[in-house]
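# Commentary on secondary and tertiary structure
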Amino acid sequence: MDSLRNVLTRLEEGGAALGHFNVADLVLLKAVLATADEIRVPVIVGASEGERRFLGTRQLAALLNSFRGESDLPIFLNGDHTHSLTMAIEAAKAGFDLVGIDFSALPFDQNVSRTREAVEALKAINPAILVEGEIGDIGTGSEIHETAQNELKKTLTTPEEARQFVHSTGVDILAPAVGNMHGMIKSMLEGHTKKHLDVERIAQIKKATAVFLTLHGGSGTADEDFRSAIAAGINIIHINTELRVAWRRSLEDSLVKQPNEVVPYRILPPVIDSVKQVVSSRLKLFSAPAARAV
Ligand SMILES: [Zn+2]
């Protein structure tokens, strides 16, 4: 299988980004991998600390390996939003391709030193592993929020701090705050409002750092903003809340439609189909060649 670094480079050259989808159970995992296989694109599966605790870090890695054995497409695994060195090391030892280190809630200097420490520890375990670092505030919780978190505007990442952070930590990938945010607000669920990105800032950060860039909190973002963000230098796009919304709604729907059913493999297939539709629309958007930013 081609390495994550090679796949990201190849996609970037083609004006595309890698879709990153979080999984918390086998329904979500099957939906993500089946869709990537149907569309014929590589994909990255992510699991946060909470998702890893639920699924099992080593168990998820073993599942992924088993699916890899049956696919000719690159499938990668990310330890998303890892807040401790212990959890980061556990993911690296389990064979994850990427670990997203997240000390972004700490003051900048501490974020730098803790992230650098993690980079050194993880590369010592697996020299080929990629490490992502985060700066800026993009909120927490891939779920439904009542209102937008207005404070976020204050902490968008500047190109200079991005340059300093990448230089001081040695991360392979940077996740900046560029107008993105975790979770969705209620008005986004029906598409009445969309998230918008600071595309000019993305282009400046790309120029200042020359590393791969990840966009977290992609759910609910306007399609045209995704395309512009990819053209400006975004390489990985995270979608989680949209999947969780589809999972919950279709699960409720399936239970209502089959009130007496108790067999999981009759209740859950419509849930897989609903999640697949979300993954499909996003993967098609991310993989379409973008018009290059001028
Ligand atoms: Zn995230």
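Residues numbered from 1 in each chain as written. Predicted model: local features only at pLDDT ≥ 70, side-chain atom pairs only at ≥ 80, totals over all residues.

With that settled, consider unusual backbone geometry. Located in the positive-phi region is Arg40, a residue other than glycine, with phi close to 65°. In this structure, Arg40 sits in the loop between α2 (26-39) and β2 (43-47). On the basis of neighbour count, Arg40 is assigned to the exposed category, with 10 C-beta atoms found within 10 Å. Unusually for a residue other than glycine, His81 sits at a positive phi of about 40°. Its place among the elements puts His81 in strand β3 (residues 75-82). (Helix = DSSP H or I, 4+ residues; strand = E, 2+ residues; numbered from the N terminus. Buried ≥ 20, exposed ≤ 12 C-beta atoms within 10 Å, placed from the backbone.)

Now for the packing of helix α4 (residues 57-68) against helix α5 (residues 85-94). For any two helices packed against each other, one specifies the inter-axial angle together with the distance between the axes. Here α4 crosses α5 at 30°, and the two axes come no closer than 9 Å. Comparing their axes, α5 and α4 come out roughly parallel. Crossing of α4 against α5: the hand is right-handed. On α5, the residues touching Thr57, Arg58 and Ala61 of α4 are Glu90, Ala91 and Ala94. Tallied by class, residues from the contact of α4 with α5 come to three nonpolar, one polar and two charged. (Axes fitted to C-alpha atoms, helices over the stretch in contact; angles between N-to-C directions. Parallel < 35°, antiparallel > 145°, perpendicular 65-115°, else oblique. Left-handed = near helix turned anticlockwise from the far one by under 90°. Contact = placed C-beta atoms within 7 Å. Nonpolar A, V, L, I, M, F, W, Y, C, P; charged D, E, K, R; others polar.)

Let's shift gears to the pairing of strand β1 (residues 18-22). Within β1, five of the five residues are buried, which leaves it mostly tucked inside the rest of the structure. Residue alternation in β1 divides its side chains into two sets, Leu18, His20 and Asn22 and Gly19 and Phe21, and both sets are buried. The sheet contact formed by β1 and strand β10 (residues 234-239) spans four bridges and is parallel. Each bridged residue has a counterpart across the sheet, and for Leu18 the counterpart in β10 is Ile236. As judged from the three bridges shared by β1 and β2, these two strands associate in the parallel manner. Residue pairing in the sheet places Phe21 in a bridge with Val45 of β2. (Pairing = 2+ DSSP bridges.)

It is worth spelling out the sheet that holds strand β7 (residues 173-175) at this point. Strand pairing within a sheet occurs via backbone hydrogen bonds; the two strands may be parallel or antiparallel. Judged by pairing direction, the barrel is parallel, and its eight strands sit side by side in the order β1-β2-β3-β4-β5-β7-β9-β10 before closing back on the first. Going across the sheet, the axis of each strand differs from the next one's by a mean of 25°, ignoring polarity. Contacts from α4 reach β2 and β3, with the element oriented near 160° to β3.

Geometric values such as these leave the question of function open.
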